[in-house]
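Chain residues, written in single-letter form:
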Amino acid sequence: MTVAVIDIGSNSIKILVAARRPDDRIEALTLHTVDARISTGISKAHPRLGEEGMARGLAAIQELLTHAAPYAPEQTLLVATSAVRGAENGGEFRERVLAATGHAIRVLTGDEEAVLIGRGLTCDPALTDLRDFYVFDLGGGSLECLTFRERELVAEASLPLGCVRLTERFVADSAAPLSTEERTALASFTRSALVPGGFAFELPSDAVAVFSGGSMTSVRAIFGARVGRRMSESPSLLAVADIRELLDHVAALPLADRRRIRGLPEARADVFPAALVTVLTIAEAGGFNSFQHSLYNLRWGLADAALTR
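Cut-offs used in this document
- Counting restarts for each chain, with residues numbered from 1 along the sequence as it is written.
- Where totals are concerned, whole chains, interfaces and linings use all residues; where local detail is concerned, this predicted model gives features only for residues with pLDDT of at least 70, and gives and counts side-chain atom pairs only at 80 or more.
- Values reported for side chains reflect all heavy atoms of the structure, with hydrogen atoms and water molecules removed beforehand.
- Only DSSP runs of H or I with at least four residues qualify as helices, and only runs of E with at least two residues qualify as strands; both kinds are numbered from the N terminus onward.
- What the globule rule says is 2.2 Å times the number of residues to the power 0.38, and the radius of gyration is computed from C-alpha atoms.
- Buried, partly exposed and exposed residues are distinguished by accessible area as a fraction of the type maximum, computed with a 1.4 Å probe on protein chains only: under 20%, between the cut-offs, and over 50%, respectively.
- By the convention used here, residues are in contact when the closest approach between their heavy atoms is within 4.5 Å.
- What we call a nonpolar core is a set of buried Ala, Val, Leu, Ile, Met, Phe, Trp, Tyr and Cys residues that are connected through their side-chain atoms within 4.5 Å.
- A carboxyl oxygen of Asp or Glu within 4 Å of a side-chain nitrogen of Lys or Arg is what we treat as a salt bridge.
- A pair of strands is labelled paired if DSSP reports no fewer than 2 bridges between them.
- Angular values range over 0 to 180 degrees, each being the angle between N-to-C directions of two axes fitted as lines to C-alpha atoms, with helices fitted over their stretch in contact.
- The span one expects for a helix is its residue count, reduced by one, times 1.5 Å.
- Each direction from the helix axis to a C-beta atom contributes to the arc, which is the arc of those directions.

K.L.:
Pulling in residues and values, what's your account of the overall build of the protein chain?
P.N.:
Of regular secondary structure, the protein chain possesses 11 helices and 11 strands. By the compact-globule yardstick of 19 Å for 309 residues, the protein chain fits well, its C-alpha radius of gyration being 18 Å. Oriented by its inertia axes, the alpha-carbon framework of the protein chain measures out at about 50 × 45 × 40 Å. Put simply, the protein chain has 309 residues, and 53% of those count as buried. Long-range pairs, those at least 24 residues apart, make up 70% of the contacts in the protein chain with a sequence separation of at least 6.

Here it is, written out as structure tokens:
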């Protein structure tokens, strides 16, 4: 059986077409991402998906369905997260997609999203030996935080700390360098949402922290590009000190210069400083010196569940 999973996120829309191998692992037949940014206005008191954002989203979904067609998936799943979940007109977008493609969108709750991300991480063969660990997944609309003990999910939280949301709320001009005041405000808000009460860092101090999502993928890609390597060939263990140096560099640049950073997708350059502040605030709150990057997240969890059934 082959399954196609389309993840309609706040910043990007992604597809995974996968099958289960004889050794029970999930095999990716193809992966593709379209930067659609459907979530403009997500930080407003009454968030609504804009006409242009919905048009970009629908076009991206149609492109990804076409991308999946040669693999003849027996099941196609469309899921949406924070942007559609929180938008007052999210239902209108879902109706448009259903009318144009024949596929219904399942809107995940924050808890469902976190659990499925955790399930996806456990599909990563590079993490097989981990027993007690944290998982963080930063999207455009939310931050998912999870705790695993003996590879079983024991705690999870979905927090409104996505990089698009925070950029809209705290950055006056995303085309300008990030000011010291904006950097401080971003860190302070993230810290207050994490502790106390947002998420408990209860594992031993040497517990591994795994990080997934487009922002950390971009960090790894940038570090790889600096030494002439592709992202997939670069080290997956990312030092917090190096991420802090990257923020210092990126925060000082205007958007036009950020867009020229090798390894950083142009569509992500405006929200990347806020994402890095969030990552570093998590590191400070949890006492982490490094993060283990993984590409296995929500889509993999959904594929694993579908292929198990």
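K.L.:
Residue-level account of the nonpolar core, with values.
P.N.:
Across soluble globular proteins, nonpolar side chains show a tendency to be buried alongside one another. The biggest cluster of nonpolar side chains holds 75 residues, and the ones touching the most others in it are Phe136, Ile243 and Phe291. Counting 27 residues, the second largest nonpolar core, distinct from the first, contains Val5, Ala18, Leu127 and Tyr296.

K.L.:
An account of the side chain of Ser218 is needed here, citing residue identities and associated values.
P.N.:
Take Ser218: it is sitting in helix 7 (residues 214-226). Residue Ser218 is classed as buried on the basis of its relative accessible area of 3%. Filtering out sequence-adjacent residues up to four positions away, Ser218 remains in contact with Gly263, Leu264, Pro265, Arg268 and Phe272.

K.L.:
I'd like to hear about the pattern of salt bridges, residue by residue, with values.
P.N.:
Summed over the entire model, instances satisfying the criterion amount to 15 salt bridges. Between Asp304 and Arg119 there is a salt bridge, and its shortest N-O distance comes to 2.7 Å. Within this pair, whereas Asp304 is found in helix 11 (residues 298-308), its partner Arg119 is found in helix 4 (residues 110-121), the two being separated by 185 residues in sequence. Among the residues examined, Asp304 registers a relative accessible area of 13% and is labelled buried. Of the charged contacts, one joins Glu150 and Arg131 as a salt bridge, the two residues approaching to 3.4 Å between their closest N and O atoms. Here Glu150, found in the loop between strand 7 (143-149) and strand 8 (152-159), pairs with Arg131, found in the loop between helix 4 and strand 6 (133-138); they are 19 residues apart in sequence, far enough to count as distant. Its relative accessible area of 48% is what places Glu150 among the partly exposed residues. Under the relative-accessibility criterion, Arg131 is labelled partly exposed at 38%. Residues joined by salt bridges that share partners form a network here, namely Arg20, Asp24, Arg119 and Asp304.

K.L.:
Outline the environment of Ile117, supporting the account with residue identities and numerical values.
P.N.:
Counting through the fold element by element, Ile117 comes out in helix 4. Remark: the alpha-carbon pair of Ile117 and Val135, spanning 18 residues in sequence, is separated by 8.6 Å. Residues within four places of Ile117 in sequence aside, it is in contact with Val135, Asp137, Glu144, Leu146, Ser212, Asn297 and Leu298.

K.L.:
Could you give an account of the sheet that holds strand 6, with specific residues and numbers?
P.N.:
Ordered in space as 8-7-6-9-11-10, the 6 strands form an open sheet in which the pairing is mixed. The sheet terminates laterally at strand 8 and strand 10 (237-239), the two strands that pair on one side only. Pairwise comparison of adjacent strand axes, ignoring direction, gives a mean angle of 25° for this sheet. Across 2 bridges, the pairing between strand 9 (residues 208-212) and strand 11 (residues 290-293) is parallel. Counted as the bridge partner of Val210 is Gln292 from strand 11. The sheet contacts of helix 8 (residues 240-251) involve strand 10 and strand 11, and relative to strand 10 the element is tilted by about 60°.

K.L.:
Tell me about the sheet that holds strand 4 (residues 75-80), and please be specific about residues and values.
P.N.:
Pairing in this open sheet of 5 strands is mixed, and the strands run 3-2-1-4-5 from one edge to the other. Unpaired on one side and paired on the other, strand 3 (26-35) and strand 5 (105-107) mark the two borders of the sheet. Within the sheet, the average angular offset between the axes of one strand and its neighbour, ignoring direction, is 20°. Docked against the sheet, helix 1 (residues 51-68) engages strand 1 (2-8), strand 2 (12-20), strand 3 and strand 4, running at close to 25° with respect to strand 2.

K.L.:
Residues and numbers for helix 6 (residues 180-194), please.
P.N.:
Its 15 residues give helix 6 an end-to-end C-alpha distance of 21 Å, which sits within 8% of 21 Å, the value for a rise of 1.5 Å per residue. Residues Glu182, Leu186, Ala187, Thr190 and Leu194 constitute the buried set of helix 6. End-on view of helix 6: buried residues confined to an arc of 130°, all on one side of the axis. Turned more than 90 degrees off the buried face of helix 6, the exposed positions are Thr180 and Glu181.

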